[in-house]
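In case you want the letters, here they are:
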Protein chains: 2
Amino acid sequence: MRAEIITIGDEILIGQIVDSNSAYLGKSLSKIGVEVKYITSIGDDRTAILAALKLANSRADLVLITGGLGPTKDDITKKTLAEFFHDKLVLNQKVLSHIEDLWKSFIKQPLLQVNKDQAMVLSKAEILTNQNGSAPGMWIEKDQTVFVSMPGVPYEMKSIVSMELLPRLIQQFQLPIIVNKTLLTQGLGESMIAERIADWENQLDPSIKLAYLPNLGRVRLRLSSTHLDKQLVELKVQRAIDDLLPLIQDIFVGFEDDQSIETIIGELLVKKNQTLSLAESCTGGAIAERLTSFPGSSRYFIASLVSYATAIKEQVLGIDGQLIKKHGVVSEEVAILMATRAKALFKSDYAISTTGNAGPTTSEGREPVGTVCMALASPTGIYSHTFQFGTSRERVINKAVNKAFELLYNELLKNASKEV
Amino acid sequence: MRAEIITIGDEILIGQIVDSNSAYLGKSLSKIGVEVKYITSIGDDRTAILAALKLANSRADLVLITGGLGPTKDDITKKTLAEFFHDKLVLNQKVLSHIEDLWKSFIKQPLLQVNKDQAMVLSKAEILTNQNGSAPGMWIEKDQTVFVSMPGVPYEMKSIVSMELLPRLIQQFQLPIIVNKTLLTQGLGESMIAERIADWENQLDPSIKLAYLPNLGRVRLRLSSTHLDKQLVELKVQRAIDDLLPLIQDIFVGFEDDQSIETIIGELLVKKNQTLSLAESCTGGAIAERLTSFPGSSRYFIASLVSYATAIKEQVLGIDGQLIKKHGVVSEEVAILMATRAKALFKSDYAISTTGNAGPTTSEGREPVGTVCMALASPTGIYSHTFQFGTSRERVINKAVNKAFELLYNELLKNASKEV
C-alpha cells in the first residue's frame, strides 16, 4: 500500500510554520505497514490542489490531506474537494450536534455561522469524528484510491488519526509489517562508521535497507525492512543487528525507536534510585526542558538552576566573585563549582553544569562565541570539559544539550560497570 | 519566478525527522521575492528522484534540492542527478582542497576515500562552496530551469543558501517584492476575529492575501502581497494594516515578522531597565529555554529555578511544607509563593511561576492532568490564575509557556500605560 501525504497551506510554503504533521503521519503510517512514497505541500490555491489530487490519485493507494480546513479556510479546500470528487457539500446533522456540544461545553463563546458551516461535508464522504475540534475528517474513495482529508491543527489531526483513521486502515486492509530499528551512536563520524562496518554492510540481506542519519555530533543507523510475515522480518532485522552490535559496541548508545537518550538516562537513574540536578547557564533551561518533556522525569530529575546572570552564580550558588573574575565566567573552574554547588543545594546524586557563550556576540564572557565549559559531578568524582560548538546560537545550545546527555550517559555506564 | 523545493531522504517519509529545511528555504526565498509553489519529499530512490526532477522541471523556474548527499549517501542522488542531466561526475580539485583543509583544521580524523569522493561533482555544475562541510552545493541549468542541489544537514545547507545561493539569485534575476506582514493576536478565536473584521476583509485590496493561522490559543493574521514595485506594495499592505489595527486593538500583541512575543517582552523590559526571573515547575525550564533562545536575553533575564521536586519548593524557595500539604502543590497559593520567593531570591522586577500537572498521569498533585496554576509578581502586585490545558503533555507545557508570556505582556502594557 503506497501512501502520499498532501499538506495544504500558504504558511507552509513561505516557511512560517514547519510542517510537522507530515512527520507525524509518516511515523504513524510506517508503524502499521503503510509505506509513504511522497509528501507534497501546496498553497491554498484551487489549481494547485486539483493538480496535486490528480497526481496523487495516479500514484498512491492512500492519500492523506491535512490543512485547508477551519472556519476561515473551509471555502477553497472543501469546494475544490467537491469539484475533484464530482460531489456536493451537504449539512451533516451529527457533525453539527458535535459542534454545538463543543461550543456549549468548552468554547463558551457564541456559535457563529462560520462554525456551523464546518458541518458542511462532502455527500459521498464517511465522517471521521474530530474529538478536539469542529472540522471533521472525511474518508472518500475514487478509482481505488482512498482519500482522507483532515484539519491541519496538529492536535485535532492527531486525534482523528489515532482514534479513527489507523483502526480503520488496519481493519480494512491487509497490511505488511514494516520494521524500523534505529541505533544511536556517539563519538564517531558517519564516514568512519561506514568504513568500520563496510564488510557487514556488504553482506547485509538485500531486503534490509541501511541509512546513516548524522545530526549534531551523533550518527543514527537505521535498518528497515518490509514483509507480510511479521516473525520473519523481525528475525532478519534482529540477526543483522546481532552481527552489527559487536562492531560498534564502543559507540553504541541505545535503540532509538523505543526510546531517546533522555529516557535511557532516566531509566538508568531510576533503576539505581539516583537523582539528577542541573546548573545551567548558556543552555538557558534547555537541558531541563528536554528532560521534562518526557513523562516520568519527576522520578529522577530534581531541579535546574538556570543562573543566567553572573550575579546569581555568586549569590545563589555561592561562587566567589573574585574567582569568577580571575578565570572568567566561561571557565572549567566556574563550571566545576556550579555543578558541585548544585549537587549540594539540590541534594542530588549527579549534577551537570553549563557555562558558555552561545553568541552571537561576546558579552560577559571573555571566551569566543561557541565556547562551552561543562562539569559533571557524580557520586565518585567531578569532571570538566571545554568545547567549541561553532557560531550559530541555536546550534551551540543544541550541541551543548546533546553533549551533556552524552557525558552523563557515559558516566552512568562507567559507574554501572564498576558496580559489577 | 516559481520555485519548487525537493527534499530527499527515507528518514523524512517515515517521520523520523521533521523536514525543517523546507521551512528555512521557503522563508529565505519569500524574502527575496521568489514564490515557492511546491514542496516535495521523496525517498532515497532513483525512480522517485527522476520523476520528481522531471515534474519540477515542467512546473518550476527554480528547483532547490536538499538531502541525499553526504559520505554514505552520495551514490544514489549524485548518480541520478548525472543521469537526469545527461552528465558525468568529475573530480573537482578546488572542492578536494577544501575537504583536505577541513579535515586538517577541524575534523582531525583520517581522511577516507568516501570523504574524498565528495569532491566528485557534475561536470556541468557550478560549485557553491559549503563552508561548514564537505558536500558542495551544485548549480546546474536545464531547459531554462535552475536546479540547485545541496546537502541535507541543516547548518551546511543554510551556509550555502545565505552565502552563495541568495546573493547569486538576487544578482541573476529581476525579482519581485513579496511583502508578508503577520499580526499576532491573543484572547479571541479564529471565527470570532473573522466575524469582527468581515467588513474590512471584504474591502481588502484583491492583490493582498489574508490568512488566519491559529495555534495554541493565539491567532496570527498574515497579509501578503507581491509586486515588482517595492514602495507600492509596501504602501498597500501598510494601508490595509492601518485600517485593521483599530478593529483588533484589544487583542493585538505585535508584528511577528520582525519579532516574536519573547523579543517584544524583552524589549519592553530593557526599555524600562527591568528584569525577569522564573520559578518553573510543570513547564520544566521551557519558559527559560524559549527566552534564552533569543540573543540579548541576558539583558533582562536573570534566572529560573526549575523546582521540579516538591522538596525544592520547600528547601530552596522556603515554602512551608504544611501549606503545600494543605492546598496541594498545584494550587494558586503555592504559585503565589513561588513567584514571590523567586522575585526576592533573584532580585528581579517581575517573576512568573508555574505549577501544574502536565500528565499523562496524576503524580504528586491532586489536581487532574492539564491543570496549571500560575502567578505573576510585578512591581505593583501579584496575580494568580488557574488554567485547564487538556490532556496532551506537550500541549499542556506549550500552552502554559504561551500563557506565561501573555500574562507578562499584558502586565507590562498595563504598567506602561499607568506610567503615562
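Residues numbered from 1 in each chain as written. Chains lettered and ligands numbered in written order. Predicted model: local features only at pLDDT ≥ 70, side-chain atom pairs only at ≥ 80, totals over all residues.

**Some remarks on the overall build of chain A**
Within chain A one finds 16 helices and 17 strands. The C-alpha extent of chain A, read off along each of the three principal axes, is 75 × 60 × 40 Å. By the burial criterion, 49% of the 420 residues in chain A qualify as buried. Partitioning the intrachain contacts of chain A with sequence separation of at least 6 by distance along the chain shows that 67% fall at a separation of at least 24. (Helix = DSSP H or I, 4+ residues; strand = E, 2+ residues; numbered from the N terminus. Buried ≥ 20, exposed ≤ 12 C-beta atoms within 10 Å, placed from the backbone. Contact = placed C-beta atoms within 7 Å.)

**Concerning the sheet that holds strand S10 (residues 209-215) of chain A**
Residue and element names in this part refer to chain A. Strand order in the open sheet made by the four strands is S10-S11-S9-S12, with antiparallel pairing throughout. This sheet does not close on itself; its edge strands, each paired only once, are S10 and strand S12 (252-255). Averaged over all adjacent pairs, the angle separating strand axes in this sheet is 20°, with direction ignored. (Pairing = 2+ DSSP bridges. Axes fitted to C-alpha atoms, helices over the stretch in contact; angles between N-to-C directions.)

**A few points about the relation of the copies chain B and chain A**
For the pair chain B and chain A, the relating rotation is 180°, the translation along its axis is 0.1 Å, and the fit reaches an RMSD of 0.1 Å. Given the turn and translation reported, the copies of this chain are related as if by a two-fold rotation axis. The share of interface residues of chain B whose copies in chain A are also at the interface is 100%, consistent with both copies meeting through the same surface. (Least-squares fit on C-alpha atoms with pLDDT ≥ 70 in both.)

**Notes on the sheet that holds strand S8 (residues 145-150) of chain A**
Pairing within the open sheet is mixed, and its 12 strands lie in the order S6(A)-S7(A)-S8(A)-S3(A)-S1(A)-S2(A)-S2(B)-S1(B)-S3(B)-S8(B)-S7(B)-S6(B). Edge positions in the open sheet fall to strand S6 (126-128) of chain A together with strand S6 (126-128) of chain B, since each of these has one partner strand only. Sheet twist, expressed as the mean angle between neighbouring strand axes with direction ignored, is 20°. Strand direction decides the pairing type here: strand S1 (residues 2-8) of chain B and strand S3 (residues 62-66) of chain B, joined by five bridges, are parallel. Pairing of B:Glu4 across the sheet is with B:Val63, part of S3(B).

**Overview of the nonpolar core**
A:Ala339 and B:Ala339 are the most contacted members of the largest nonpolar core, which totals 106 residues. At nine residues, helix H15 (residues 332-346) of chain B tops the list of elements feeding residues into this core. Residue contacts for A:Ala339: discarding those within four places in its chain leaves A:Ala279, A:Ala351, A:Ile352, A:Ser353, A:Ala375, A:Leu376, A:Ala377 and A:Ile382. If you look at the next biggest cluster of nonpolar residues, it comprises 86 residues, including A:Ile65, A:Ala119, A:Trp139 and B:Ile8. (Core = buried A, V, L, I, M, F, W, Y, C linked by C-beta atoms within 7 Å.)

**Considering the packing of helix H2 (residues 20-31) of chain A against helix H7 (residues 154-172) of chain A**
Residues and elements named next belong to chain A. The N-to-C vectors of H2 and H7 enclose an angle of 15°; their axes lie 11 Å apart at closest approach. Regarding the angle of H2 to H7, the classification is roughly parallel. With respect to the hand of their crossing, H2 and H7 are arranged in right-handed fashion. Contacts from Ser20, Asn21, Tyr24, Leu25 and Ser28 in H2 reach Pro154, Met157, Lys158, Val161 and Leu166 in H7. Partitioned by chemical class, the residues of the contact of H2 with H7 number six nonpolar, three polar and one charged. (Parallel < 35°, antiparallel > 145°, perpendicular 65-115°, else oblique. Left-handed = near helix turned anticlockwise from the far one by under 90°. Nonpolar A, V, L, I, M, F, W, Y, C, P; charged D, E, K, R; others polar.)

**What about the packing of helix H2 (residues 21-31) of chain B against helix H7 (residues 154-172) of chain B?**
Residues and elements named next belong to chain B. One can describe the packing of H2 onto H7 by two numbers: an axis separation of 11 Å at closest approach and a directional angle of 15°. Between H2 and H7, the angle is such that the two are roughly parallel. Crossing of H2 against H7: the hand is right-handed. Mapping the contact onto sequence places Asn21, Tyr24, Leu25 and Ser28 in H2 and Pro154, Met157, Lys158, Val161 and Leu166 in H7.

**Digging into the interface of chain B and chain A**
In this assembly, 75 residues from chain B lie in contact with 76 residues from chain A. Classifying every residue of the side of chain B that touches chain A by side-chain character gives 39 nonpolar, 24 polar and 12 charged. Relative to strand S14 (residues 301-307) of chain B, strand S14 (residues 301-307) of chain A is paired through five bridges, and the arrangement is antiparallel. Directly across from A:Val306, in S14(B), lies its bridge partner B:Ser304.

**Focus on the domain arrangement of chain A**
Per the domain assignment, the segments of chain A are domain 1 (2-172), domain 2 (177-255) and domain 3 (261-419). On a C-alpha basis, the centres of domain 1 of chain A and domain 3 of chain A stand 44 Å from each other. (Domains from an automatic or database assignment.)

**Thoughts on the confidence of the model for chain A**
Of the residues in chain A, 96% reach a pLDDT of 70 or more, and the chain-wide mean stands at 91. Scoring of the predicted complex yields 0.79 for pTM and 0.79 for ipTM. (pLDDT = per-residue confidence, 0-100.)

**Side note on the environment of B:Arg222**
With respect to the helices, strands and loops of the structure, B:Arg222 is situated in strand S11 (residues 218-227). Excluding residues that lie within four positions of it along the chain, B:Arg222 makes contacts with A:Glu11, A:Gln16, B:Asn180, B:Thr182, B:Ala211 and B:Leu213.

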